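Given next are the chains, with one letter for each unit.
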Amino acid sequence: MDLSEDLVTTARPGTYSRGTETVDAILKAALGVLIDEGAAAFTIRRIAAACGMKVGNVSYHFPRKEMLVQVLLDELLASYEKVLEDRVRQPDLTTEERLRLLIVICLEDIAGKRTTRLFTELWALANHNDFIADRVRGFYQRVHDFIGEYVAALNPALTSEEVAIVSLYISASMEGSTPFLGFEKPWADRMPAYTSIAVHGLVTLAKTITSREIAGMTSQTA
């Protein structure tokens, strides 16, 4: 399941409000350029060419490419929220089942073409653009918060800071699979097995890790 294919249309303030054919076409073109051509091609001029508009028309709605990134990330986050509500936050599921399902959904998403390419290109942009880096950080912080809901419930002995660290670890373990198991990556065919291991290992970790272990104070080093 590639969640980035189902970006949710939401109202946006100012010149880049959603709901018009022009803005929708610009956002679709921007996403396509970033995925199919990469960060180096992600310019207002190239996006304008991709959607058959004049540069001035695109820059009227999005004066800077950073605004496009902000809207794309906001809508992607909204699509994750919708999936959480529709599939994960179900009353008949236990907290453990919800975390398991969340991990499966995230890894299925990473295996898709759009998510594999979109985020690797966003990471490249973030390396050289502080605004984009901050927006990407904010996106992942919300993902960590989603995970943290279930870590806190499964392991109530942890402090909020410890929950945040465990959530970061779970997120990094999933995102770190992208260059190895993402779309058309060297070991993409092994993603199902990786997912099974990740579900078992990460859920067990969330349930059982202790404050001492997080602090590095195991019985061997105490």
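Conventions we followed
- Residues numbered from 1 in each chain as written.
- Predicted model: local features only at pLDDT ≥ 70, side-chain atom pairs only at ≥ 80, totals over all residues.
- Heavy atoms only, no water.
- Axes fitted to C-alpha atoms, helices over the stretch in contact; angles between N-to-C directions.
- Helix = DSSP H or I, 4+ residues; strand = E, 2+ residues; numbered from the N terminus.
- Parallel < 35°, antiparallel > 145°, perpendicular 65-115°, else oblique.
- Contact = heavy atoms within 4.5 Å.
- Nonpolar A, V, L, I, M, F, W, Y, C, P; charged D, E, K, R; others polar.
- Core = buried A, V, L, I, M, F, W, Y, C linked by side-chain atoms within 4.5 Å.
- Buried < 20%, exposed > 50% of the residue type's maximum accessible area, 1.4 Å probe, protein only.
- UniProt positions renumbered as here; feature names shortened; annotations may be inferred.
- Phe/Tyr/Trp six-rings, centres within 6.5 Å; stacked < 30°, edge-to-face > 60°.
- Lys NZ or Arg CZ within 6 Å of the ring centre and 35° of its normal.

Packing of helix α1 (residues 21–36) against helix α4 (residues 65–88) leaves a shortest axis separation of 11 Å and a crossing angle of 90°. On the basis of the axis angle, α1 is roughly perpendicular to α4. On α4, the residues touching I26, L27, A30 and L31 of α1 are L68, V71, L72 and E75. Grouping the constituent residues of the contact of α1 with α4 by class yields seven nonpolar, no polar and one charged.

What follows concerns the nonpolar core. Membership of the largest hydrophobic core comes to 64 residues, with the highest contact counts inside it found for F42, L68, L99, I103, L122, F139 and M174. If you list the elements that add at least two residues to this core, you get α1, α2 (44–50), α4, α5 (95–110), α6 (113–126), α7 (130–154), α8 (160–175) and α10 (191–208). Here this core gets 11 residues from one element, more than from any other, and that element is α4. With residues up to four places along the chain from it excluded, the contact list for L122 reads L34, V69, L73, I132 and V136.

This paragraph deals with the side chain of S171. Mapping S171 onto the fold places it in helix α8. With relative accessibility at 3%, the residue S171 sits in the buried group. When sequence neighbours within four positions are dropped, the list of residues in contact with S171 reads Y140, V143, H144 and I147.

This part takes up unusual backbone geometry. We note that E184 has phi near 60°; this positive angle belongs to a residue other than glycine. Residue placement: E184 occurs in the loop between α9 (178–181) and α10. In this structure E184 comes out as exposed when scored by relative accessible area, which is 60%.

Turning to the UniProt feature "DNA-binding region" (unreviewed entry) in the chain, a few remarks are in order. Under the present numbering, the feature "DNA-binding region" (unreviewed entry) in UniProt falls on residues 43–62. Along residues 43–62, the helical share is 70% and the strand share 0%, with 11 Å between the first and last C-alpha atoms.

As a further point, take the packing of aromatic side chains. Throughout the structure, instances matching the rule amount to five aromatic pairs. A ring pair is formed by F119 and Y140, whose centres lie 5.9 Å apart and whose planes are at 55°; its orientation type is tilted. Highlighted residues: F119 in helix α6 and Y140 in helix α7, separated in sequence by 21 residues. Pair check on accessibility: F119 and Y140 agree, each one buried. Ring centres of F180 and W187 lie 6.2 Å apart, and the angle between their planes is 35°; this geometry places the pair in the tilted category. Exposure remark for F180: the relative accessible area of 45% places this residue in the partly exposed category. A relative accessible area of 39% places W187 in the partly exposed class. Taking NZ or CZ as reference, R64 lies 5.3 Å from the ring centre of F131, over its face. Sitting above the plane of the F131 ring, R135 keeps its charged end 3.9 Å from the centroid.

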